[in-house]
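# Architecture at a glance
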Amino acid sequence: MSGGGALRNFSGVALGDRPGSFDIELRGEKIASITPSAGDAPAEWLVLPAFVNFHTHANRSFAAPSRRPVSLADAVAASKFERAAASVDDVCARAGRLLQRAVAHGTALIRTHTDVDAATGMRDIEGVLGAAAGVADAIDVEIVAFANAAADPARVETRELLAEALRKGATLLGAVPAMYERPLASAEALLDLAADLGVQVDVHLDEHLDAAAIVLEQVVDASMERGLEGRVAISHGCVLSVLQDAAVARILDKMAAARIKLVVQPALNLYLQDRGDRSPRRRGLAPVQEALRAGVEVRFGSDNVRDWFFPWGDADPLDEAYVGALAAHIDAPEPLLAAVCGGRSGLRAGERADLVLIPARSFDDALARRPGGRLLVRRGRLVPPRPR
Ligand SMILES: [Zn+2]
């Protein structure tokens, strides 16, 4: 393997979506060719499309909460109280730590939902923007202006805060409708704002298992009514896991028609859903297999990392692929790769050379061990390794 910044080729490497070993030639910023390797030595490195982590909360990560949550609502309450004391510098340090971890894992793009509310204003947005600037050579950071549980988008003050966050550098709008008094009206207010301002939406929707409280189908309809096809992502959708098959199929067909992405957080959904004083009976993940069959694009996100909502995690897309494979019984490598590589299930000649090299002999080997020592390649150049 050539080194020192610009890379030329990799010899005898494994790929995620096909058996055998291959030689990869790079030319400038692109993959020039991928050919079967002449040698028969087992591959030492696995080369995948660089990871895309589609759902995080960098501003909350490593917040060292005083205790573990007993439910999602309990975590929301704890975060509201403890977040209020954090300065821009605190947020910048936390987010920077998460972004460095993401680069070490081989992540080229990360989407982070960043709290916006009346108590903290633009503090979290400014902290995350500062952290993103520090790693701009290595990773693209997509900031969702996230109206949290204390910031209902049905209120004009919240919409003004969201618009201000966009002016500062956020590029999407988000919210958590189940936490507001009238979830559907709040979701529609968010969609109206997105349509007015010409931005995309990623909304925390139906992160619960109460079939009577579902608004997902109406939000899909409302997205289409506003001409937002291809511009909306729905994060969680846990309630889909408790609906009858016919209802699931109907809603997923609509999501596919509206080109709405489904963003699943395998570890977080397993941790927070069906939590109580007995063992969980329900897994809490939206039905990934059915979504894929319906033609819905599915992405995995790592969600919270060591904060009020989740005591563990490391924002490693390989962890999410592993947990997602286990929890949703996804056996084929292609959908798992697409879920953590921004829709790319393999490498193709002509594509931009955004790659992750993993010291593993196959994708299954990588899933089994989730090894460190990875290398991130952006536009054909090696990103200086970060500490593990
Ligand atoms: Zn989230």
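Refer to the structure presented above.
Attention here is on the structure that accompanies the text. Note on numbering: residues in each chain are counted from 1, in written sequence order. The predicted origin of the model limits local features to residues at a pLDDT of at least 70 and limits the giving and counting of side-chain atom pairs to 80 or more, whereas totals for whole chains, interfaces and linings rest on all residues. Side-chain metrics in this entry use all non-hydrogen atoms of the structure; hydrogen atoms and water are not considered.

Next up on the list: the overall build of the protein chain. Under the scheme used here, helices are H or I runs from DSSP no shorter than 4 residues and strands are E runs no shorter than 2 residues, and both carry numbers assigned from the N terminus. Scanning the protein chain from N- to C-terminus turns up 12 helices and 15 strands. Taken over C-alpha atoms, the radius of gyration is set against a globule rule of 2.2 Å times the number of residues to the power 0.38. Relative to the compact-globule value of 21 Å for 388 residues, the protein chain shows a C-alpha radius of gyration of 21 Å, a close match. Each of the three principal axes of the protein chain carries a C-alpha extent, and together these read 65 × 50 × 45 Å. Burial statistics for the protein chain: of 388 residues in total, 56% are counted as buried. Residue contacts are defined here by distance: any two heavy atoms, one from each residue, within 4.5 Å place the two residues in contact. The long-range fraction of contacts in the protein chain, counting pairs at least 24 apart against all pairs at least 6 apart in sequence, stands at 77%. Accessible surface is estimated by sampling points in the Shrake-Rupley manner with a 1.4 Å probe; for residues, cover comes only from the protein chains shown. Carbon and sulfur atoms provide 50% of the accessible area of the protein chain, an area that totals close to 15500 Å². Residues scored as positive are Lys and Arg, those scored as negative are Asp and Glu, and His as well as the terminal groups of each chain are ignored. A charge is said to be at NZ when it belongs to Lys, at CZ for Arg, at CG for Asp and at CD for Glu. Positive and negative side-chain charges in the protein chain, numbering 45 and 51 respectively, have mean positions lying 3 Å apart. When a residue's accessible area, from a 1.4 Å probe over protein chains only, is under 20% of the maximum for its type it is buried; when over 50% it is exposed; and in between it is partly exposed.

The backbone of Asp274 sits at a positive phi, close to 55°, despite the residue not being glycine. When you line up the elements, Asp274 lands in the loop between α8 (266–272) and α9 (288–294). On the basis of relative accessibility, which here comes to 13%, the residue Asp274 falls in the buried class. Positioned with a positive phi, Arg306 is a non-glycine residue whose angle comes to about 50°. Along the chain, Arg306 turns up in the loop between β12 (298–300) and α10 (317–328).

Moving on, we come to the coordination of the zinc ion. Only His55 (NE2), His57 (NE2), His204 (NE2) and Asp303 (OD) from the protein reach the zinc ion as donors, at distances of 2.1 to 2.7 Å. In this analysis a donor is any N, O or S atom within 2.8 Å of a metal ion (3.2 Å for sodium, potassium and calcium), and since water is not included, sites may seem incomplete. The geometry test gives tetrahedral to four donors whose angles all lie between 85 and 135 degrees, gives square planar to four donors and octahedral to six donors whose opposite members are over 155 degrees apart with all other angles between 65 and 115, and gives irregular to the rest. For the zinc ion, the four donor atoms in the first shell make angles of 84 to 175° at the metal, so the coordination geometry reads as irregular. For Asp303, a relative accessible area of 3% gives the class buried.

For two strands to count as paired, DSSP must find a minimum of two bridges between them. Strands sit in the order β5-β6-β7-β8-β9-β10-β11-β12 across an open sheet of eight strands; the sheet is parallel. Every other strand in the sheet has two partners, leaving β5 (51–56) and β12 as the edge strands with one partner each. Sheet twist, expressed as the average angle between the axes of neighbouring strands with direction ignored, equals 25°. Where strand β8 (residues 172–175) and strand β9 (residues 200–205) come together, two bridges link them in parallel fashion. Note on β9: the bridge partner recorded for Leu173 is Val201. Axes, fitted as lines to C-alpha atoms, cover a helix only where it is in contact. Angles between the N-to-C directions of the axes lie from 0 to 180 degrees.

Okay, the environment of Ala189 next. Note on placement: Ala189 falls in helix α5 (residues 183–197). Among the residues examined, Ala189 registers a relative accessible area of 13% and is labelled buried. In this structure the C-alpha to C-alpha distance between Ala189 and Val13, which are 176 residues apart in sequence, comes to 49 Å. Residue contacts for Ala189: discarding those within four places in its chain leaves Pro153, Ala154 and Arg159.

This part is about helix α2 (residues 88–105). To estimate the expected span of a helix, subtract one from its residue number and multiply by 1.5 Å. The end-to-end C-alpha distance of α2, which contains 18 residues, comes to 26 Å, matching closely the 26 Å that a straight helix rising 1.5 Å per residue would cover. Those residues of α2 not exposed but buried are Val91, Arg94, Ala95, Gly96, Leu98, Leu99, Arg101, Ala102, Val103, Ala104 and His105. The first or second residue beyond α2 is Gly106, which carries a positive phi of 100°.

Of all hydrophobic cores here, the largest spans 97 residues; its most connected members are Leu173, Leu216, Ile234, Met255 and Ile358. When residues of this core are assigned to their parent elements, the largest contribution, six residues, is made by α2. Setting aside anything within four residues of it in sequence, one finds Ile234 in contact with Val203, Leu205, Leu216, Val220, Met255, Ile260, Lys261, Leu262 and Val263. For the purposes of this section, nonpolar cores are sets of buried Ala, Val, Leu, Ile, Met, Phe, Trp, Tyr and Cys residues that join through side-chain atoms within 4.5 Å. Counting 16 residues, the second largest nonpolar core, distinct from the first, contains Val13, Leu15, Ala353 and Leu357.

What follows deals with the packing of α5 against helix α6 (residues 216–225). Between α5 and α6, the shortest axis-to-axis distance is 10 Å and the interhelical angle comes to 25°. In terms of orientation, α5 and α6 fall into the roughly parallel class. Seen along the crossing, α5 lies across α6 with a hand that is right-handed. On the side of α5, the interface is formed by Leu184, Ala187, Glu188 and Leu191, while α6 contributes Gln218, Val219, Ala222 and Ser223. Put simply, Ala, Val, Leu, Ile, Met, Phe, Trp, Tyr, Cys and Pro go in the nonpolar bin, Asp, Glu, Lys and Arg in the charged bin, and everything else, Gly too, in the polar bin. Here the contact of α5 with α6 is built from residues that sort into five nonpolar, two polar and one charged. Should an angle fall under 35 degrees it is called roughly parallel, over 145 degrees roughly antiparallel, and 65 to 115 degrees roughly perpendicular, with every other angle called oblique. Handedness of a helix crossing follows the sense of rotation of the near helix relative to the far helix, less than a right angle counterclockwise being left-handed and clockwise being right-handed.

Right, let's talk about the pairing of β5 for a bit. Summarising burial for β5: six of the six residues are buried, a large majority. Two strands pair when backbone bridges link them, and β5 and strand β6 (residues 107–116) are joined in this way by four bridges, in the parallel orientation. Counted as the bridge partner of Thr56 is Thr112 from β6.

Relative to the elements of secondary structure, Arg299 occurs in strand β12. Not counting chain neighbours up to four residues away, the residues in contact with Arg299 comprise Phe54, Lys261, Leu262, Val263, Val264, Ala338, Ala339, Gly342 and Gly343.

Now for the side chain of Ser223. Locating Ser223 in the fold gives a position in helix α6. Residues adjacent in sequence count toward polar contacts only when both atoms are side-chain atoms; beyond that, a polar contact is any pair of N or O atoms within 3.5 Å, and within protein one must be able to donate a hydrogen and the other to accept it. Engagement of the side chain of Ser223 in a polar contact is seen with the backbone oxygen of Val219, the distance being 2.8 Å.

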